Amino acid sequence: MKHFFLTLSLLVACTSSFAQTEATPLNEVVVTGTRNATDVRHLPMTVTVIDREKLTEQHQPSILPTVMQEVPGLFVTSRAMMGYGVSTGAAGGINLRGITGGAGQLLVLIDGHPQYQGIYGHPISDSYQTMIAERVEVLRGPASMLYGSNAMGGVINIVTRGMESDGVQTHVNLGAGSYGTVQTEASNQVRIGNFSSTVAAQYNRTDNHRPRMGFQQYGGYVKLGYDFSKNWKATVDANLTRFNASYPGAEDSPLYDADQWITRGVASAAIENHYDRTSGALSVYTNFGNHKIDDGTDNPDKPTQRYFRSKDALTGISWYQSVQLFKGNRITAGVDYQHIYGNAYYTSKKTGEVMDTPNKQSARSHRNEVAGYVDFRQDIISWLTIDAGIRLDHHSITGTEWIPQAGIVVRPIQSGEIKAMASKGFRNPTMRELYLYPPSNEELEPERLWNYELSWRHRINGGFTYGANLFYNKGDNMIQTIQRKNVNTGEIENWGFELEAKCPINRHFGVSANSSYLHMKNKIVAAPVSTVYLGIDYRSSKWFANLGVQHIGNLYTAVGNDEKTENFWLLNASVTYTATHNLRLWARGENLLAQSYEINAGYPMPRATFMGGITLNF
């Protein structure tokens, strides 16, 4: 609790430094939690927005380190300086309020489209790169009414980059540092009249701090847009990531030749309409993956004889239309369809031939999901908004699920609002849980969770903002493996609170802080009980510097009879110098206190690491 009071003290100190008159509210517009662009003050859910300036300040190639700093209660597992990987021992699990993306219970979206594998159903964290993101919106709490399965704990929506004004912009970022790490990125944006384009590419690699832990990544992104009129526009985009990673095993049980070759991609096409009283979009999208994995051996003299292979995809169609029937009203209706399919098998290292795969339905399967939803929002009077929605979701294997949500927003003052929300989340079982390997069970039902939340947010003159959240979530039907069989017996019962504040001191200095506390009836790995983050920014005409201190308290790295927790402080810093209009020099240091800690059990994290580089803009 002492870390909670540190954050609270900062909040009080900042508040006292500003006049207590009401601020003129800033219209922070979001699309997550509503589909159409909406002032966040009228939405009952909690949405954190991280813009591109914040995402690029520390020159991180992935969005996840920045998101973890900015969103209280969100934690991402790591095991190295770069590269999350997949399969056994992987990192990149995203946990929010004790609900984990590693289990597919937290949904990552790109422009509102779900990003998860057809077979395993969890996010692939190495594909969420800063080069594609204009901003990131994080909705805390279930969002299954709008986005369906896997949005039990919340959603991270990556809104992709676009070019809004005429001209040409080119950006190049080059960096190198500890353990042979290299990060490179180049992007070009063009706007000519009604046509716009964004093209980006990157290459990253590192040896990391342990033997047999190398990582190499290639990525590319293209987005094309055309405005037919002021009311209609179309976009097409594609993002492809290829990474090769090695897995050394835990320190006390090393592995050899555990290698992964992973390709993940997404492509979409959308047509949008925007009028004064109505707006909507029709989009088609596909996610696809090709995975080749050598599980490795504990004896280098006895290499494995096969590769695990999988190919999977999710293809979907999404339509929604939002209409304002009268003042203060907004009704949104939509339909989603997904075809989820995949194929898992083994191939011989010697011959390349497909080997017997002892899984149900020959490890080949597909499923369909179709859903319709409607959301109703109404400003009753100037200071009161109500919101209610319901989704009917039909899965070709598990059947039909109703998903309601309801909320209320009270604005007792012009610059502050109280929000109350009740929402249901659910997750359909994955193909792995239904069909693959001996624990599989074709009789599994969806996981279900209810979340109740109360929040307050306030803006004060001078740009100071702060907020507080209380939440309680309870879930059942969680899928567990009991006596070598997957069954719906698990439970979730979590409650906690979150605090956050942003405080501009003057035109040069700014401070941001957030804190979270989580109580879990049933503890899970990679869910810290408490987190605290304090960031200090300095800006001038030539310099930008950031100093961030983060505390992770009682992080569970093992549960059950061998329960183990970690507590650690991290000190990170970055500095950027604008040498000319076109050239910037930058440096970044992480874990500057050289702390010894683990996030994944058996995988010590690197001590102090450093990166430096240049950016070119023209």
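Criteria and thresholds
Residues numbered from 1 in each chain as written. Predicted model: local features only at pLDDT ≥ 70, side-chain atom pairs only at ≥ 80, totals over all residues. Heavy atoms only, no water. Salt bridge = Lys/Arg side-chain N within 4 Å of Asp/Glu carboxyl O. Helix = DSSP H or I, 4+ residues; strand = E, 2+ residues; numbered from the N terminus. Buried < 20%, exposed > 50% of the residue type's maximum accessible area, 1.4 Å probe, protein only. Pairing = 2+ DSSP bridges. pLDDT = per-residue confidence, 0-100.

Tell me about the pattern of salt bridges, residues and numbers included.
Charged atoms that come close allow side chains of opposite charge to pair. Per the stated rule, a full pass over the model turns up 33 salt bridges. Put simply, R539 and E57 hold a salt bridge, and the shortest N to O gap is 2.5 Å. Taken together, the residues R539 in strand β31 (residues 528–539) and E57 in the loop between α2 (52–56) and α3 (64–70) connect sequence positions 482 residues apart. Residue classification places R539 among the partly exposed residues on the basis of a relative accessible area of 32%. K564 is the partner of E598 in a salt bridge, and the nearest nitrogen-oxygen pair spans 3.6 Å. In this pair, E598 is assigned in the loop between β34 (583–590) and β35 (609–617) and K564 in strand β33 (residues 564–578), connecting sequence segments 34 residues apart. The buried category is assigned to E598, whose relative accessible area is 13%. For K564, a relative accessible area of 37% gives the class partly exposed. Here the salt bridges share partners, and the residues they tie into one network are E53, K54, E57, D537 and R539.

Could you give an account of the sheet that holds strand β4 (residues 74–76), with specific residues and numbers?
Strands sit in the order β4-β5-β6 across an open sheet of three strands; the sheet is antiparallel. Among the strands making up the open sheet, the edge pair consists of β4 and β6 (99–100). Where strand β5 (residues 94–96) meets β6, two bridges bridge the pair, whose relative direction is antiparallel. Residue pairing for β6: L96 is matched across the bridge by I99.

Outline the confidence of the model for the protein, listing residues and values.
When pLDDT is averaged across the protein, the result is 91; 94% of the residues are at 70 or more. Taken element by element, the predicted model of the protein shows its lowest mean pLDDT in helix α1 (residues 2–16) (55) and its highest in β34 (98).

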